[in-house]
Amino acid sequence: MTYAAITGWGACMPPAVLTNADLSTFLDTNDEWIRTRTGMRERRVSHVSGMELSVVASARALACAGLDAGDLELIVYGSCSNEEAVPNSASGVQAALGATRAAAMDVNTACTSFLYGLTTATSMIRTGIVKNAVVIGVELISKYMDWSDRGVAVLFGDGAAAVVLQASDTESGVIGSVLGCDALARKTLRVRGIGVGYSGRDITIGDTKWDFDGPAIFKRAVHAMSEASLRVMKEQGITAEQVDLVVPHQANLRIIESVAKYAGLPMDKVMLTVERYGNMSAATVPVALVEALETGRVKPGATILMPGFGGGLTWAATLVKWGDRVTPLGTSDRSLPPCTQSALEMINAIRAAQDPHGRSAAGLSTLVAGAFDG
Ligand code: UT7
C-alpha cells in the first residue's frame, strides 16, 4: 500500500500587522467587540502577491523535506483569491521555483481549499499518478475586501503555508478524509466581484461586495465541522481520546470552541492562531499546522484532526497520521522583499482606490499588478 507522507512544511506570513485599534480608525468597531465576538486581536496584510507568499512558503517546505524543486511532480494551489484565473496560480509558483517537471493545478473551495487540495494530492500519490506534491493554502484577502463593511472587514487576514507530500510505504499522511458542501446555503457567503458574473449589473469587475450572513454561517459551520469530525473519526476507528492534536479552520474562536465541545475534543488539544492571524481562509489550517510543528506540538506518530469549512458552504475533516520526523531536514534562504509600509497605510491605499460602492477596476488592477509581475 502506498501512502502520502507529509515530509516538509513551511509558512510565509507577511510582516505587517493590522490591529483591532487600526480597524477602529476607519470603521465603527472596537477592540472589545472584535475580541469577544471572534477571539481576534490582529491579522496580517501582505505587501506582495499571493503567488509570492506561496513561492516562499513552498521553497521552505521543499527545503524542510530535502526535495529539489526539479524533482517535484505536482503543485496544488489552494486559494479563492487568485490574482488571475488564466494562467493559473500554480503555474506561477512552478516557474518561480524552477519546478519544471511539476503538474500545476489550482483548487478553489474557499476556506477549505487546502484540505480539498491535500486530499486530491494524497489520492494522486496513493494511486501512483505522481510520487510527490506541494500543497499550498494561501489567501490575499486584503485586496478583495470591502473595507467599508465592518461585518466582514474585521475578520480576515493574509497568509500562506505549504506542505510537501511524498510516496511512502509506511502508514502516514492523510489516512481519512470526508468532504462535502452545504450548497443550499451557498448564498450566505458570497463575494460579488471576484469573477465575471456581476459585470454590467450591480458590480464592475474589480469591485467587491460581500454577502455575508454571519450568524447563519456560524451555525452551519459548527454543525458541518462537528459532524465531519465525528464521521471521519468513526470511519477510521479513531476515538476523540486518540486524537493528539486538532488543527481547525480558524474563522472564530467561538466556532472552534463549539466544535471541540460537540466532537468531544478538549480545547487543550486544539492549535489556535485566530488571535494573531484572524481568518486567513485557505491559509488558516496549513499555517496553524506549521506553527504546531515549529512549537513542538506535533509528536512523532501523532494523530491530527483538521476540520474546516468555507464558502460554498464547503466543509471537510481530514485525519492525518504523522510520521517519525518532526524537524526540518533543511532550510531555505528564500524570503519576502522588505515591507516599507505599515498595514494601516496599505489598507488606506486600498480604501482610497475604492469608490463608495466598492472598488474601482483601475484601482484594484494597479494595486495587484504592482505587487507581482510573474
Ligand atoms: O471562514 C469563512 C466563514 N465565516 C465565518 O465562519 C463567520 C461566521 N460568523 C461569525 O463568526 C459571527 O457571526 C460574526 C463574528 C461574523 C458576527 O458575530 P455575531 O455574534 O453573530 O454578531 P451579529 O452579526 O449577530 O451582530 C451583532 C451586533 C449587530 O448590532 P445590533 O444589530 O445588535 O445592534 C451588528 O451590527 O454587532 C454588530 N456588529 C459589529 N459591531 C462592532 C457587527 N459587526 C461589528 C463590528 N464591530 N465589526
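Residues numbered from 1 in each chain as written. Predicted model: local features only at pLDDT ≥ 70, side-chain atom pairs only at ≥ 80, totals over all residues. Heavy atoms only, no water.

1. Things to note about the site of the ligand
Reasoning step 1: The environment of the ligand is formed by 22 residues, the closest being Thr 29, Arg 37, Arg 150, Asn 252 and Asn 279.
Reasoning step 2: For the ligand, a nitrogen atom lies 3.0 Å from a polar atom in the backbone of Gly 214.
Reasoning step 3: Within the contact set of the ligand, an oxygen atom lies 2.8 Å away from a side-chain nitrogen or oxygen of Asn 279.
Reasoning step 4: In isolation the ligand has 960 Å² of accessible area, and contact with the protein removes 72% of it.
Reasoning step 5: Elements supplying a minimum of two residues to the shell around the ligand: helix H2 (31-38), helix H7 (214-236) and helix H8 (253-263).
Reasoning step 6: Looking at the shell around the ligand, the element that brings in the most residues is H7, giving four residues.
Reasoning step 7: When grouped by side-chain class, the residues that make up the shell around the ligand number 12 nonpolar, six polar and four charged. (Near = heavy atom within 4 Å. Polar contact = N/O pair within 3.5 Å; in protein donor to acceptor, adjacent residues only side chain to side chain. Areas by Shrake-Rupley, 256 points an atom, 1.4 Å probe, with all protein chains shown as cover. Helix = DSSP H or I, 4+ residues; strand = E, 2+ residues; numbered from the N terminus. Nonpolar A, V, L, I, M, F, W, Y, C, P; charged D, E, K, R; others polar.)

2. Considering the confidence of the model for the protein
Reasoning step 1: Averaged over all residues, the pLDDT of the protein is 93; the fraction at 70 or higher stands at 92%.
Reasoning step 2: When pLDDT is averaged over each helix and strand of the protein, the minimum, 46, is found for strand S15 (residues 358-359) and the maximum, 99, for strand S4 (residues 74-78).
Reasoning step 3: Contacts for the low-pLDDT stretch residues 358-363, under 50 throughout, to residues beyond four places or in other chains number 23 contacts.
Reasoning step 4: Low pLDDT (under 50) marks residues 365-374, which in the prediction has 14 contacts with non-local residues, meaning those over four places away or in another chain. (pLDDT = per-residue confidence, 0-100. Contact = heavy atoms within 4.5 Å.)

3. Comments concerning H8
Reasoning step 1: If you check which residues of H8 are buried, you get Ile 255, Ile 256, Val 259, Ala 260 and Ala 263. Projected down its long axis, H8 carries its buried residues within an arc of 130°, all on one side.
Reasoning step 2: Buried positions along H8 lie against H7 and strand S12 (303-310).
Reasoning step 3: Looking at where H8 begins, the residue whose side-chain oxygen comes 2.8 Å from the main-chain nitrogen of Arg 254 is Asn 252.
Reasoning step 4: Downstream of H8 by one or two residues, Gly 264 has phi in the positive range, about 75°. (Buried < 20%, exposed > 50% of the residue type's maximum accessible area, 1.4 Å probe, protein only. Arc of directions from axis to C-beta.)

4. Topic: unusual backbone geometry
Reasoning step 1: The amide bond that connects Val 86 to the next residue, Pro 87, takes the cis arrangement and shows omega of 0°.
Reasoning step 2: Within the secondary structure, Pro 87 is located in the loop between S4 and helix H4 (89-97).
Reasoning step 3: The omega torsion of the bond from Gly 312 to Leu 313 falls at -15°, within 30 degrees of zero and hence cis.
Reasoning step 4: In this model, Ala 110 sits at a positive phi of 55°, which is unusual for a non-glycine residue.
Reasoning step 5: Although it is not a glycine, Ser 281 sits at a positive phi angle of roughly 50°.
Reasoning step 6: By secondary structure assignment, the location of Ser 281 is in the loop between helix H9 (274-277) and helix H10 (284-294).
Reasoning step 7: Judged by its relative accessible area of 2%, Ser 281 falls in the buried class.

5. Remarks on helix H5 (residues 113-126)
Reasoning step 1: If you check H5, its first and last C-alpha atoms are 20 Å apart, about what 14 residues at 1.5 Å a residue would give, namely 20 Å.
Reasoning step 2: Across the 14 residues of H5, 11 count as buried, placing the element largely inside the fold.
Reasoning step 3: All of the buried residues in H5 are Ser 113, Phe 114, Leu 115, Tyr 116, Gly 117, Leu 118, Thr 119, Ala 121, Thr 122, Met 124 and Ile 125.
Reasoning step 4: The positive-phi residue at the C-terminal boundary of H5 is Gly 128, with phi of around 85°. (Expected span 1.5 Å × (residues − 1).)

6. A closer look at the nonpolar core
Reasoning step 1: One finds Val 163, Leu 165, Val 247, Ile 304, Met 306 and Trp 322 to be the most contacted residues of the largest nonpolar core, which totals 43 residues.
Reasoning step 2: Contacts of Trp 322, omitting those with residues within four sequence positions, involve Ile 6, Trp 9, Ser 172, Leu 289, Leu 293, Val 298, Lys 299, Gly 301, Ala 302 and Ile 304.
Reasoning step 3: Grouped together as the second largest cluster of nonpolar side chains are 30 residues, Val 232, Ile 256, Ala 260 and Ala 263 included. (Core = buried A, V, L, I, M, F, W, Y, C linked by side-chain atoms within 4.5 Å.)

7. Digging into the pairing of strand S1 (residues 3-12)
Reasoning step 1: Of all 10 residues that make up S1, 10 are buried, and the element is covered over most of its length.
Reasoning step 2: As paired elements, S1 and strand S7 (residues 159-168) share nine bridges and run antiparallel to each other. Bridge pairing in S7 links Gly 10 to Ala 162. (Pairing = 2+ DSSP bridges.)

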